[in-house]
Amino acid sequence: CHRMTTLGDLLDRFHLELVRVAFVAHSHLHHCQKVWLEGVYESRGDSSWHVVTELTFENGEDNFRPDITLLVNGLPLAIIEVKKRMNQGGVLEERSRMDRRHANRKFRHFFNLIQLQAFSNNMEYDDTAIDPVQGAFYAASTYGTAHFNYFREERAAELAGAIGPLTQEVQDIVLTDTNLASIKGTPEFERNKSADTPTHRLLTSLFSRQRLAFILRYAFAWLDEEEGIQKHVMRYPQLFATLAIAERLAADVRKGIVWHTQGSGKTALAYYNVRFLTDWFQQRNQVARFYFIVDRLDLLKQARDEFRLRGLTVHVIDSREAFACDIKQGGAARNDRGALEITVVNIQKFKDDPDVAAARDYNLNVQRVYFLDEVHRSYNPRGSFLANLEQSDRNAIKIGLTGTPLIGDQLQSKALFGDYIHTYYYNASIADGYTLRLIREEIATRYRMQLQQALADIEVRQGGIERKTLYAHPRFVAAMLDYILRDFVQSRTTFGDDRIGAMVICDSSEQARELHRQFERLMLPVAVDIVAEPANDPVFQRVRVADDPAPYGRQPLTASLILHDEGDKGSRETEIKDFKKGRIDLLFVFNMLLTGFDAPRLKKLYFGRVIKDHNLLQALTRVNRRYGSFRYGYVVDFADIQAEFDKANRNYYDELTAELGDEMQHYSHLFKSAEEIRADVEAIRQALFAYALDDAELFSQQIGEVRDRQTLLAIVKALTLARELYNLIRLGGHAELAGLLDFHKLRHLHIEAQNALAALNLKEHLEHADDTSGLLNQALEDVIFKFEKIGEAELRLADELKDVLRRTRETLAATQDPKDPAWIKLKEELERLFKARKLSEVSQQEMQANIVVLRELEHRARELNRTDANLAARYGGDAKLMRVHKRLLESHRLGDNPVRLHSALSEVKQATDRAVLGNSQLLGTPEYFERQLMPIVVRSFNAQPPGPDADTCRLINQLLVREYLNESQGRLSL
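Notes on the structure in this doc start here. Note that this is a predicted model, so its numbers are computed, not measured.

The rules behind each value
Residues numbered from 1 in each chain as written. Predicted model: local features only at pLDDT ≥ 70, side-chain atom pairs only at ≥ 80, totals over all residues. Heavy atoms only, no water. Axes fitted to C-alpha atoms, helices over the stretch in contact; angles between N-to-C directions. Helix = DSSP H or I, 4+ residues; strand = E, 2+ residues; numbered from the N terminus. Parallel < 35°, antiparallel > 145°, perpendicular 65-115°, else oblique. Left-handed = near helix turned anticlockwise from the far one by under 90°. Contact = heavy atoms within 4.5 Å. Nonpolar A, V, L, I, M, F, W, Y, C, P; charged D, E, K, R; others polar. Pairing = 2+ DSSP bridges. Core = buried A, V, L, I, M, F, W, Y, C linked by side-chain atoms within 4.5 Å. Buried < 20%, exposed > 50% of the residue type's maximum accessible area, 1.4 Å probe, protein only. Expected span 1.5 Å × (residues − 1). Salt bridge = Lys/Arg side-chain N within 4 Å of Asp/Glu carboxyl O.

1. Structural notes on the packing of helix 32 (residues 879-891) against helix 33 (residues 898-918)
Logical step 1: For the pair helix 32 and helix 33, interaxial distance at closest approach is 11 Å and the crossing angle is 140°. Compared by their axis directions, helix 32 and helix 33 come out oblique. Crossing of helix 32 over helix 33 shows right-handed handedness. Contacts from Leu881, Val884, His885, Leu888 and Leu889 of helix 32 reach helix 33 at Pro898, Leu901, His902, Leu905 and Lys909.
Logical step 2: Split by residue class, the contact of helix 32 with helix 33 holds seven nonpolar, two polar and one charged.

And the structure:
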């Protein structure tokens, strides 16, 4: 049941109580870290809804309990993890924990059923963070690392009716069922019922009736990648673009343009619309046929591969005859499986054939939908291919796709393809973490002088020479290549990532070939016989006189030359794929790969020529894809063309402002401005002013003495930012900062600061022994194992030790009674094992002994949890009464008869819950609540003679009062 492709058929009778109950559930979970909403459900028609909290999934000894599970007709379709505001580690900690669950093979059956995951700590998004620690996110289920997406609602008015008033009766039912009567009326509970909190907004957007039905039917894609099947879910701009397309079609608008910035997934958008519009037209008794129109062969291949990855049957039209034959097809599919199809067409193939189809070939029940890629390019309305497209089917729907706005000469595209259907701007894409901001690096003064000298030398030797030949001259290329390679190798060191790649946009194909030729010679083995080489070869002259034996790194780099007339199509495709996979370091290009080329590892782009208008933006955004922890893509401006570069940008933005007016604000964050960079540098200097940055040992000592976690966080953040800006500072002429940001020391200081922060976290958790989740989740989760011996058997033992440690930690953390003496003893044993450092750098024999000890701890903890759960079940799952029951038995004041104690406490619970629900202010005055509770205690226990004495009644009363007050204030009773 992996894909659940027919699941949407079960969901025609949704109801809105789910959202209401989920809101209440979140209010509880938000108030206290673990508060459960169990067994609340409502059924309507043929579908039933269940909302449960801490529904345990078990497979053998492995188990986990999502905070909230949503079930439709008994199927767990979504899980929600909800944490307190400002929780330790933010969302990153919980995401890491969830990813470990995803990777556990024993949970695969569960994640096959789960379609959607949501996570929130009920805080607004921090749009400045590359790895946000706060907010409300969603993701598709997975077996590995989940990509959590932002969601920014664009159609709030449509969902306004999805949230009805939460009546007192419904609240009382939920609170009683979840044993949470004590939180009624508390300020936090009232605040968290608001529909405008970050978590509630996400729940409304994802789980209201029509929205969830849409998501389950149309919002998932399974990509058959080489490393395995990946499950993707619609990004919110794709979802709203799809809904906007449906609105336009319903209004009988037959054409329009979707402008989604580069990197936002326009091919995926087309795929999702194939699924959605197939049903949309079917409901209108029409058969939809889909076409993806491109104007370049490389884009055709890219689109073909992307659609096939997602499971579509793809037909490629590569001739006029094939298109004419396809147009005459009347059915929806040409395959025998009934699979969804799309036809990818290179429009150039039939530009000279105006008679592609005749009127008699049309089938009125067939609705053709044309997705036209890259409509920002200046399509000539007088051109034959566009006329032929129009004549192929005058009733066809035309949806233009573009990654840049339509300005200047491109405005005719709007006349041809209509107005914008939906837009998704650069700043939103950057804030959502899909794309990165760009930093434009200036060339160092030394290098400019070197280039100018090379140019002057060439002109003196050869006289007048045209620009293209000048820039392709071996001497000029030698200087250019030397800078590129040194800068690229240094960037890998600076960023601490040897996997990043680079692309050089050359001035001409001749320059590209010369760059590649010299690169190949530079990468020859050192032992090559250079004596036989020409004495005037600048490459070998530089090798001969170089004082650095490894100027371009210790390992040879690899590069490919990508030109339309270099090699064959197959070899170019192979080399492009190898670059994306990290097998090739650099690409030398001229006109190819400047648009539509998506390689996240491409983080350095070297401009060897000026590119204008939208072509400039297309080229720039080759380096703006999200990759690892990178905050920026880096663009290096070459050959003293800064003035031309700025002029091109200025003209572009002037046109943009004139065309879009106020929309100019949406481009304000594409580039990192000089002012912002200076502000970042000043913030770094202030944050690190008090520390010895030139003495790593003293720096480590200084930060090791810091006891305030926020102070250490500020230091780590400043050092992280400094590392990110280092390359810019080094190349941008900020000489006064060179001493502050010495990379070799900087990287070490950053590691030292991170270690200090981890040590402080661990120390805080160990000092607060009652903070169970802190000790067990933080201190033990990421133990690094080192061994005295190396061998395959020991590696398996390490995995076994890590696994049993994880299970022990999770089992202990699942306790509902951290004051149980037996549990405290188990925790102390685990602490002693950890503090004694017996879990790292161990021999095989020590590992075996540790595994035995941990398994025994796990077994005892699991038995304690089982006993507690059974006792809590006797009180309707109320852990408060379970804990009071145990404390009273431990006191020996009422004997050891659990049946009599249970009978009396059950009466107390029912009467107290009724009183609290009837008066939400009761818990606001502890003394008054204690006085009101005492008669209930005396009456209930005297009904089970012999009744307790006065001191025992006071003890019972105090235990109950403390439990109810702790619960109302969001604390676990200790």
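Read on, since the account is not over.
2. Observations regarding the sheet that holds strand 22 (residues 602-607)
Two strands in a sheet stick together by hydrogen bonds in their backbones, pointing the same way (parallel) or opposite ways (antiparallel).
Logical step 1: Strand order in this open sheet of six strands is 18-23-22-19-21-20, and the pairing throughout is parallel. Of all the strands in the sheet, just strand 18 (437-441) and strand 20 (559-562) have a single pairing partner and so form its edges. The sheet shows a mean angle of 20° between the axes of neighbouring strands, taken without regard to direction.
Logical step 2: Where strand 22 and strand 23 (residues 632-637) come together, four bridges link them in parallel fashion. Across the sheet, residue leucine 605 finds its bridge partner in strand 23, namely valine 635.
Logical step 3: Contacting strand 18, strand 19 (501-505), strand 21 (586-589), strand 22 and strand 23, helix 18 (residues 474-495) runs over the sheet at an angle of about 155° to strand 22.
Logical step 4: Strands in contact with helix 19 (residues 509-522) are strand 19, strand 20 and strand 21; relative to strand 20, the strand with the most contacts, it is inclined by about 160°.

3. Focus: the nonpolar core
Logical step 1: If you look at the biggest cluster of nonpolar residues, it comprises 80 residues, and the most contacted ones within it are Leu116, Phe207, Leu277, Phe292, Phe307, Phe371 and Ile399.
Logical step 2: Sequence-distant contacts of leucine 116, that is, excluding residues within four places in its chain, are made with Leu77, Ala78, Ile79, Tyr138, Ala139, Leu206, Phe207, Ile215, Phe220 and Val233.

4. Side note on the pairing of strand 18
Logical step 1: Taken across its five residues, strand 18 has four buried, putting it largely inside the fold.
Logical step 2: As paired strands, strand 18 and strand 23 are joined by five bridges and run parallel to one another. Following the sheet pairing, arginine 440 is matched in strand 23 by valine 635.

5. A short note on unusual backbone geometry
Logical step 1: The backbone phi angle of asparagine 73 is positive, close to 55°, even though this residue is not glycine.
Logical step 2: Of note, asparagine 73 is situated in the loop between strand 5 (68-72) and strand 6 (75-82).
Logical step 3: Look at asparagine 122: it is not a glycine, yet its phi comes out positive at around 60°.
Logical step 4: Mapped onto the elements of the fold, asparagine 122 is located in the loop between strand 7 (116-120) and strand 8 (136-140).

6. What to know about helix 11 (residues 297-309)
Logical step 1: Compared with an ideal rise of 1.5 Å per residue, which puts 13 residues at 18 Å, helix 11 spans 18 Å between its outermost C-alpha atoms and is within 8% of the ideal.
Logical step 2: Turning to helix 11, the residues buried within the fold contact helix 10 (266-282), strand 12 (287-294), strand 13 (313-317), strand 14 (341-346) and helix 21 (569-580).

7. Remarks on the packing of helix 18 against helix 19
Logical step 1: Contact geometry of helix 18 with helix 19 gives a least axis separation of 9 Å together with a crossing angle of 65°. Relative to helix 19, the crossing made by helix 18 is right-handed. Facing Pro474, Phe476, Val477, Ala478, Met480, Leu481 and Leu485 of helix 18, the residues of helix 19 in contact are Gln511, Glu514, Leu515, Gln518, Phe519 and Leu522.
Logical step 2: Across the contact of helix 18 with helix 19, the residue classes tally to ten nonpolar, two polar and one charged.

8. Description of the environment of asparagine 870
Logical step 1: Note on placement: asparagine 870 falls in helix 31 (residues 844-873).
Logical step 2: Residue classification places asparagine 870 among the partly exposed positions, given a relative accessible area of 44%.
Logical step 3: Note: C-alpha distance between asparagine 870 and methionine 882 (twelve residues apart in sequence) is 9.2 Å.

9. As for the pattern of salt bridges
One side chain can pair with another of opposite charge once the charged atoms of both are near each other.
Logical step 1: Counted by the stated rule, this structure contains 40 salt bridges.
Logical step 2: For glutamate 573, the salt bridge goes to lysine 301, with nearest N and O atoms at 2.9 Å. Here lysine 301 lies in helix 11 and glutamate 573 lies in helix 21, a separation of 272 residues in the sequence.
Logical step 3: Take lysine 301: its relative accessible area is 16%, and that puts it in the buried class.
Logical step 4: Measuring nitrogen to oxygen at the nearest pair gives 2.8 Å for the salt bridge that ties arginine 310 to glutamate 306.
Logical step 5: Among the residues examined, glutamate 306 registers a relative accessible area of 26% and is labelled partly exposed.

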